[in-house]
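Given next are the chains, with one letter for each unit.
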Amino acid sequence: MNKEFSVALVGASGVVGTKIIKLLEKRLFPVGKFIPLGNSTVGSSIEFNNKKYLIESLENFDPQTAQIIIFSAGSTVAEKYARDFVAAGSFVVDLSSNFRYQDDVPLIIPEINGDIIESLSKPSLIANPNCSTAQLLMALKPIHDNAKIKFLNIATYQAVSGTGKAALEELHNQTYFTDSENESVVYPKQIAFNVIPQCDIFLENNFTKEEMKLTWETHKILDSSIRIQATCVRVPVYNGHSEAVFFKVSKDMSREEIITLLENSAGIKVLDDPKEGLYPTPVENANDTEDVYVGRIRSEIFDNECWISMWIVADNVYGKGAALNAVQICEELVSNNSMR
């Protein structure tokens, strides 16, 4: 890959933005020109490939100066700028939820439906999935290809890093300080030493928006026929989302068959040895890691139906949930001649 590309990053100094920079460096993405963008952080200094850059104003930015623009700044910013930047001739990758459910915007996990990128013949807007969805579908896709998933039940255990810097500070302050100034601001209840069965707002159907994201995105990316129920829980963990998954498949599958499928799938690592107490945890396996880790794999037959249980852990900021997936989308763009 000899050609270099001009890349702009909106939200370059944010929790996810800094990880995107780290991955662009690590994976040797062919950046010829790098443009960090922001609003409140304009003038701040960041480093990319051992060179210092000053964050430029998003409001004054000319999108024609960048071939790829990555948005890591939330739905409001994406809504205001993203489509205009595409119209100006840039490919835009957005990590917010703003465009994920719009029919004209592809929602991409490269290992699952990256072939959609090959069909893009002009500058386009591409949505990055929810962090919980990405790690979930990475683990489910190999199994679904072998034995169709009919019903899926998910309980997530989501780290505070998914909510941003203020949430990380809130957990830290509530853990180590007890004065009244450390009351809950980011979350509806105290997060330290607690679990909160609410991620995002409640909708009319009594599910939260985060729970429905898992449904909507699984249907759009994997299979619209899968029946899904989800409960999303915020836990006092700094980084790394975990998921307990219980699902019914169309034919019998043994634990050994499942492990073999997963071990032969890109981006998946199986850590599963009950005798040795081996299974993934956020502390051990979600610290600037790229893989999705799967353990506690079980297969049982109930009333002639095969049900599978799994435990899934991934880095929700650096890994498949956010930064890595966005960078992989960019890699697909430049490798399949979409950028011609």
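Residues numbered from 1 in each chain as written. Predicted model: local features only at pLDDT ≥ 70, side-chain atom pairs only at ≥ 80, totals over all residues. Heavy atoms only, no water.

Time to look at the pairing of strand β11 (residues 241–249). Remember that side chains alternate between the two faces of the sheet whenever the strand is regular. With 7 of 9 residues buried, β11 lies mostly within the body of the structure. Of the pairings in the sheet, the one linking strand β9 (residues 149–158) to β11 comprises 8 bridges and is antiparallel in character. Residue pairing in the sheet places L152 in a bridge with F247 of β11. (Buried < 20%, exposed > 50% of the residue type's maximum accessible area, 1.4 Å probe, protein only. Helix = DSSP H or I, 4+ residues; strand = E, 2+ residues; numbered from the N terminus. Pairing = 2+ DSSP bridges.)

Taking the UniProt record as the reference, the feature "domain: Semialdehyde dehydrogenase NAD-binding" (unreviewed entry) is found at residues 6–120. Between the first and last C-alpha atoms of residues 6–120 the distance is 19 Å; the span itself is 29% helix and 27% strand. (UniProt positions renumbered as here; feature names shortened; annotations may be inferred.)

Before going further, it helps to examine the nonpolar core. Counting residues in hydrophobic clusters, the biggest one holds 59 residues, and the most contacted among them are F71, L152, F247 and M310. Among the elements that line this core, the one with the most residues is helix α5 (residues 131–146), at 7 residues. When we break this core down by domain, the ones giving at least three residues each are domain 1 (3–127 + 321–333) and domain 2 (130–312). In terms of nonpolar packing, the next biggest core, distinct from the first, is built from 37 residues, V15, F29, I46 and V334 among them. (Core = buried A, V, L, I, M, F, W, Y, C linked by side-chain atoms within 4.5 Å. Domains from an automatic or database assignment.)

At their nearest, the axes of α5 and helix α7 (residues 209–221) sit 9 Å apart, and the two run at 45° to each other. On the basis of the axis angle, α5 is oblique to α7. In terms of crossing hand, the pair formed by α5 and α7 is right-handed. On α7, the residues touching S132, T133, L136 and L137 of α5 are E210, K213, L214, E217, T218 and I221. Here the contact of α5 with α7 is built from residues that sort into 4 nonpolar, 3 polar and 3 charged. (Axes fitted to C-alpha atoms, helices over the stretch in contact; angles between N-to-C directions. Parallel < 35°, antiparallel > 145°, perpendicular 65-115°, else oblique. Left-handed = near helix turned anticlockwise from the far one by under 90°. Contact = heavy atoms within 4.5 Å. Nonpolar A, V, L, I, M, F, W, Y, C, P; charged D, E, K, R; others polar.)

A word on the side chain of T156. Residue placement: T156 occurs in strand β9. By relative accessible area, which is 1% here, T156 ends up buried. One polar contact links T156 to Q158, side chain to side chain, over a distance of 2.8 Å. Apart from the residues within four sequence positions on either side, T156 is in contact with S132, L214, T231, C232, V233, S242 and E243. (Polar contact = N/O pair within 3.5 Å; in protein donor to acceptor, adjacent residues only side chain to side chain.)

A few words on the state of the cysteines. Here the structure, examined in full by the defined rule, presents 0 disulfides. Free of any disulfide, C131 has its nearest neighbouring cysteine sulfur in C199, separated by 9.0 Å. Using a relative accessible area of 13% as the deciding quantity, one classes C131 as buried. (Disulfide = S-S within 2.5 Å.)

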